[in-house]
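Here are the chains, one letter per residue:
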Amino acid sequence: MSEIGSATSVGVPSQREPTEMSAALDEESDRVALRLAIDAAGVGAFVWDLVSGRLRFDDRLLELFGLDESTFGGSIEAFNECVHPDDLPRVNGAIERAITRCGDYAAEYRVVLPGGGVRWIEARGRAFSDRPDGPAVRLVGAAYDTSEVREGEARLGRVLESMSSAFYQLDSDWKFTYVNSEAERLLGAGREQLAGESIWSAFPAAVGSAFEVNYREAVTTGRPVTFEAYYPPPLDAWYEVRAWPVPEGLAVYFLDITDRREAQDALARSARRLALLAAVSEGLTSTLDPLELVRRLAGLLVPDLADWCLVTLVADPHASDWRRGLEDVGWAHVDPAMHETVREYSALRLRAMTDESYLAWTIREMTSTLMESDAADQVAAVLREGAARDRLLELDPQSGAAVSLVARGRTVGVVTVFRGAGRRAMNADDVALLEDIGARAALALDNARLYEAQRNVSEALQRSMLTDPPQPDHLQIVTRYSPASDVARIGGDWYDAFLQQSRGPGGRDVVVVVGDVVGHDVEAAAAMGQVRGLLRGIAVHSGYAPAAVLSGVDEVMDTLRLETTATAVVARLEHHPRPGAELGEQVVLRWAHAGHPPALLIRPNGEVTRLADVEDNDLLLGLDPHTRRVEQVAFLEPHATLVFYTDGLVERRDRDVEEGIVALTEVLRELSPATQDLDELCDQLLERMIGEQPEDDVALLVVRWTPETGEA
């Protein structure tokens, strides 16, 4: 319909007697109109009685329409005369839908003022019925002036047209609703061509690309996105895009950054050498294993700097024959098919080199060698005939360089790199880069060697304090010490086993100890040596039982003012001959814990139990010299196994001690029936519990009673 002429045209009665409901409806209508006007911050209100056809405007609304009580006709026809002809069908349609459905009414339209001017009006309302499911009898609403908003939108449009950035807007169906002139230029399409068309059909290469992924992310999350992406021909350009969701769809700003990207690519090419230096530094400083360091260096140089390379270490600088003092320990080739050829060449070339070799000269003079061309011929000339030369010719280098690795005034190695025919020949700039890399690699390699030497000394010192256990009749004792992988391989963990004079008829008893002094360094190792020596001396000299031994250590530590603490478990295995007894002999086990993880007992049937609970575990050594130590006693079954350990076996960053003990118990239940050899059992425990990268030192001691056959 083009306009609403009267109440009867929408199917409502022309006359109706007022009722009580009508009165209540009048009150409700007025209240709603007032509330809408207040909520709209002072806008005007209207009430259209669909029964009588009377349309009432308040003073504010009359003012917005440029009318007064005398000039407004008070009917829907008078309203229609005020609405701009282009907007009237749309407004009438909104009114008709509200009346038909007894629902909400909303419209934005222009009114033509008496003087000829135009004003934009935003209206909201609702149709009411006087009985359930009855027809609408009243339309109530409010309206306000949106001319300034419309003018702001017009100004915004002028800004969008004048700015240098491209802009377009998409509706909820991904169709273009606005395209500014700069976007027309960059997209190569006019706004008339794009208007109403889906972006995915207008630019099919965007489907599945970064454009679609980011656009859909913005709409889904409601958050703006910024990204750079390339669109292939015909646009063939890079764009920087900023897109953010709006109620109508998606607003997109974008710039052509093709020139900038090309400049960035050029800068990236010029900075590649710095990136290579950074990669080398990071790769070489993350390990202290010399061999691993050399292998990483070879892998870092290929393919960025060379097609293939060799890394040689000076293993013995004082060797009578310089060849015997060298060792090729790292190599790499860009082509996996040539890996074996490079490996064979590295294994053969040193023995085949003559004294005129570039390698000998590089080591002797501590300087670099550059072969800008004919590298295969130059290297072959200093190789004796044979397999090494044959492998070299297969590799067919066209250019190359050798750089000495000098650290602290001595040559620790040589890096040799080669390029093939399909690559730019090496030049002085490449040699300068390689020398820079070589200086860093030499220092890292020398540090790794020094660390390895220190680590070996530390580990030897640690093991010198962990003496071999005695092997008395019918008792098997096996020990293990595993240093942490990220420290100096020395710390406060220890194990011990020694004989103690027995006061009973069994001769000498066996005492086993596992302890842990706080710390993981040389100071901790020194403190461990003191505590271990005290405990061993007190036990052997006094013949005390475990609890008394721990009390004695407490007293001596306090007297000597040893500023350290330690955990420990001490156990004594007493052999008691029992003539006429069923087993022929008995082994009595006495033990006491000082803040240490509980030892575990594996019974002959495979059952695993703890030797101590929380209440049985006393204070650490060195805390209170007067603490009373608790001692436990039990008979040991033939073929039973005891497992003593430090917390490094069970505790990790992602697992506390209690969880670790549970895990250790499960591993022992699984391993003990099938693993009769104690050495194998210890190795399996270390492998299963800590792997190849232990986070802490581990001391492990395992004891098994194996009586003579027939005694059991």
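Calculation notes
- Residues numbered from 1 in each chain as written.
- Predicted model: local features only at pLDDT ≥ 70, side-chain atom pairs only at ≥ 80, totals over all residues.
- Heavy atoms only, no water.
- Pairing = 2+ DSSP bridges.
- Helix = DSSP H or I, 4+ residues; strand = E, 2+ residues; numbered from the N terminus.
- Axes fitted to C-alpha atoms, helices over the stretch in contact; angles between N-to-C directions.
- Contact = heavy atoms within 4.5 Å.
- Salt bridge = Lys/Arg side-chain N within 4 Å of Asp/Glu carboxyl O.
- Buried < 20%, exposed > 50% of the residue type's maximum accessible area, 1.4 Å probe, protein only.

S.K.: Is there a simple way to think about the sheet that holds strand E15 (residues 410-419) in this case?
M.R.: Hydrogen bonds along the backbone pair up the strands of a sheet, which may run parallel or antiparallel. Within the open sheet, the five strands sit side by side as E12-E11-E15-E14-E13. Their pairing is antiparallel. Of all the strands in the sheet, just strand E12 (326-333) and strand E13 (369-371) have a single pairing partner and so form its edges. Strand-to-strand twist across the sheet, computed as the mean angle between neighbouring axes with direction ignored, equals 15°. The sheet contact formed by strand E11 (residues 308-314) and E15 spans six bridges and is antiparallel. Directly across from Trp308, in E15, lies its bridge partner Phe418. Taken strand by strand, helix H12 (residues 339-352) contacts E11, E12 and E15, and its axis lies near 165° from that of E12. On the sheet, helix H13 (residues 358-365) packs against E12, E13, strand E14 (399-407) and E15 and is oriented at approximately 140° with respect to E15.

S.K.: Honestly, the pattern of salt bridges in this entry has me stumped. Any pointers?
M.R.: Pairing between side chains of opposite charge can happen when the charged atoms of each approach one another. Tallied over the entire structure, the rule returns 41 salt bridges. Between Glu212 and Arg216 there is a salt bridge whose closest N-O contact spans 2.8 Å. Of this pair, Glu212 and Arg216 both sit in helix H9 (residues 210-221), four residues apart, roughly one helical turn. The exposure class assigned to Glu212 is buried, which follows from its relative accessible area of 15%. Between Arg532 and Asp496 there is a salt bridge, and its shortest N-O distance comes to 3.4 Å. Taken together, the residues Arg532 in helix H17 (residues 522-542) and Asp496 in strand E17 (residues 493-501) connect sequence positions 36 residues apart. The pair Arg532 / Asp496 is uniform in exposure class, with both members buried. Shared partners join several salt bridges into a network, and the residues in it are Glu228, Glu240, Arg242, Arg260 and Arg261.

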